[in-house]
Amino acid sequence: MPLALLVQVPDVGRGQAWILTLILVVWAGLRLALIIVVGRPMLFDFFFWMFVYVFMGIAPTVQIRSGLISRTTQGIDESLELPTAALVCLGVACYEIGRLGAYGHERSKLTTGIRERGSAPVRVVTQVRTWPTLVLVGAGIVLSLYFISRVGAGSLFGSRDQAFAARSAAWTDPAVRSIMYAGAIYPLLVGIGALVQLRRRTTGPLSMAYRGLIVVGIALLLTVVNPVSSARYSLGTVLFALAVFAGALLTVARVRATLTAALVGLIFLFPLADAFRRPEVNLVRNGFFGEYEGNPDYDAFWQVANAFSYGLDGLIEPGRQALGSVLFWVPRGVWPDKPVDTGILLAQYRGYSFQNLSAPLWAEFLVNGGIGVLIVGFLLLGYSLRVMDSRLLPAFNAAGYWAIVGAIFPVYMTILLRGSLLQATGVVAVALACLLFVRQSGRPPGSDSLSGTKWPELQRSPASRTGSG
């Protein structure tokens, strides 16, 4: 890919920042290839590197070399490009350090457990509860039917613009609209995942009843989230989760095939999925690398540049944007001075006429406190994602609660990485509430993690028999 990019996209001399972004393409490509070849479902790590590969690697490299940057972020000072590329690399390096720290902590806990008890602790996988699962599925069906009745089935299978207009007419407040849309999707999605886990532990008529509920739930879910009117990220999250629920990560071969399909889908199918945004279907594309030239979908790098410039102009209000994300649920009628999305904030700062822009995590950290917050933020991100990945491995093979987390959140993390956080946190809150509702309580903290797993037992599991790393 890097060689093809250099050959097919001539350098017009805009600047040298593409060298750093090309290094990111190489590094992220190696990390993705390693995860796929090893065949372990380290999903949070995989989707982080997939975002870096495309949005912080291929896209800015093509745009800088061609001189055709995103049409919605024109007028970027070329002197900002090299510092911006360095900041993106700094965030990635801090992510790697944080993840390495979490891995070392896990190994230390495992070694300590063996030394104190003579063997590694026995794995205990957190499960889901039956009645809360059934209640959640019922609530999800009701919420989905209510959403369909308010928006109209016809709007859901029109263009994306028509569907959004119908949602806006039904709920004028953006915060309420976001919560209602999330409520139509995630209670049902989490409920289906929990039903799948229950069905794996039961047999006979009860198993068949669960299967019927799953089929009904999937039909409703794919009505609300469909390829015609739904945002590509939401559709990708739902489709990937359903594939995982169906067993796409239960063997090494399936892990490799699923992750490869996800990567191919983002690179080749993601642009085509935009064909239904307008009433007139458009499937015309300008070649592989030409798809990135001037494309507003790949404005992430340039929004980091705008965030860096925002800080240089002394406009940072520490923590203000983060507070808006945490209090996303407060209507603007109650909080008139509520922060806008960081993407909108940066668009207003630059005087752009089109303001529905992304704000990748790098930009969010910079706007909330500058380079220091970026460093700390990515250290914590790397650490926490490694911890969560370590809990996925046992769960996928033991019908565990964390298997539902792993099916939904790694893909949705792409939306969080792209930003803005304010518009994405409502969905996270709804999904987390649903997950906590079905979670079986009373398990010891960290009992799902690799540090609490007997390695010989774990390595007999097909999805993780390739060892540690």
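About the thresholds
- Each residue is numbered by its place in its chain's sequence as written, counting from 1.
- Selection of residues for local features in this predicted model requires a pLDDT of at least 70, selection of side-chain atom pairs for listing and counting requires 80 or more, and totals for whole chains, interfaces and linings are taken over all residues.
- To obtain the side-chain values, all non-hydrogen atoms of the structure were used and water was disregarded.
- Each helix is a run of H or I in the DSSP string that is no shorter than four residues. Each strand is a run of E no shorter than two, and both are numbered from the N terminus.
- For the exposure calls, accessible area comes from a 1.4 Å probe over protein chains only, and a residue counts as buried if that area is under 20% of its type's maximum, exposed if over 50%, partly exposed in between.
- The length a helix should cover is 1.5 Å for every residue beyond the first.
- Detection works on a 1 Å grid of protein atoms alone, calling trapped sets that fit a 1.4 Å probe cavities and calling open sets with protein on both sides within 12 Å along at least five of seven lines pockets, with lining residues defined by an atom within 4 Å of a point.
- Grid points are joined across faces, edges and corners, and a volume is the space filled by probe spheres set on the points.
- Polar here means any residue outside two lists: the nonpolar Ala, Val, Leu, Ile, Met, Phe, Trp, Tyr, Cys and Pro, and the charged Asp, Glu, Lys and Arg; Gly therefore counts as polar.
- Fitting a line to C-alpha atoms yields each axis, with helices limited to the stretch in contact; the angle taken between N-to-C directions then spans 0 to 180 degrees.
- If an angle is under 35 degrees, it is roughly parallel; if it is over 145, roughly antiparallel; if it lies from 65 to 115, roughly perpendicular; otherwise it is oblique.
- Crossings are sorted by hand: turned counterclockwise from the far helix by less than a right angle, the near helix makes the crossing left-handed, and turned clockwise it makes it right-handed.
- Only heavy atoms enter the contact rule, under which two residues are in contact if any of them lie within 4.5 Å.
- Whenever a carboxyl oxygen of Asp or Glu lies within 4 Å of a side-chain nitrogen of Lys or Arg, that contact is scored as a salt bridge.

The protein chain has the name Oligosaccharide repeat unit polymerase in an unreviewed UniProt entry, where Cryobacterium sandaracinum is given as its organism.

A. Expanded view of the environment of Ser159. Residue placement: Ser159 occurs in the loop between α6 (153–156) and α7 (160–170). Residue class for Ser159 comes out buried when judged on its relative accessible area of 4%. Sequence spacing of Ser159 and Ser229 is 70 residues, and the spatial spacing of their C-alpha atoms is 5.1 Å.

B. Fine view of helix α18 (residues 421–438). Taking 1.5 Å of rise per residue, the 18 residues of α18 would be expected to cover 26 Å, and the 26 Å separating its terminal C-alpha atoms lies within 8% of that figure. Among all positions of α18, only Leu422, Ala424, Thr425, Gly426, Val427, Val428, Val430, Ala431, Cys434, Leu435 and Val438 are buried.

C. A look at the layout of surface pockets. Space inside the second largest pocket adds up to approximately 730 Å³. Around the second largest pocket, the lining is made up of 29 residues, and of these Leu381, Met388, Leu416, Leu421 and Val428 lie nearest the centre. At the level of secondary structure, the elements contributing two or more residues to the lining of the second largest pocket comprise α13 (320–326), α15 (361–369), α16 (371–396), α17 (401–418) and α18. Looking at the lining of the second largest pocket residue by residue, the classes come out as 22 nonpolar, six polar and one charged.

D. Highlighting the packing of helix α12 (residues 300–312) against helix α14 (residues 342–350). Contact geometry of α12 with α14 gives a least axis separation of 10 Å together with a crossing angle of 65 degrees. Here α12 lies roughly perpendicular to α14, going by the angle between them. Taken as a pair, α12 and α14 cross one another with a handedness that is left-handed. Contact residues: Gln303, Asn306, Ala307, Ser309 and Tyr310 in α12; Gly343, Leu345, Leu346, Tyr349 and Arg350 in α14.

E. Expanded view of the pattern of salt bridges. Overall, the coordinates contain seven salt bridges when judged by the stated rule. Among the salt bridges present, the one from Glu81 reaches Arg14, with a minimum N-O distance of 2.4 Å. Taken together, the residues Glu81 in helix α4 (residues 81–117) and Arg14 in the loop between α1 (2–8) and α2 (17–38) connect sequence positions 67 residues apart. Per residue, the accessibility class of Glu81 equals that of Arg14, and both read buried. A salt bridge links Arg31 to Asp45, with the nearest nitrogen and oxygen atoms 3.6 Å apart. Residue Arg31 is found in helix α2, and its partner Asp45 is found in helix α3 (residues 43–66); the two are separated by 14 residues along the sequence. Sharing partners across several salt bridges, the network here consists of Arg31, Asp45, Glu96, Arg99 and Asp389.

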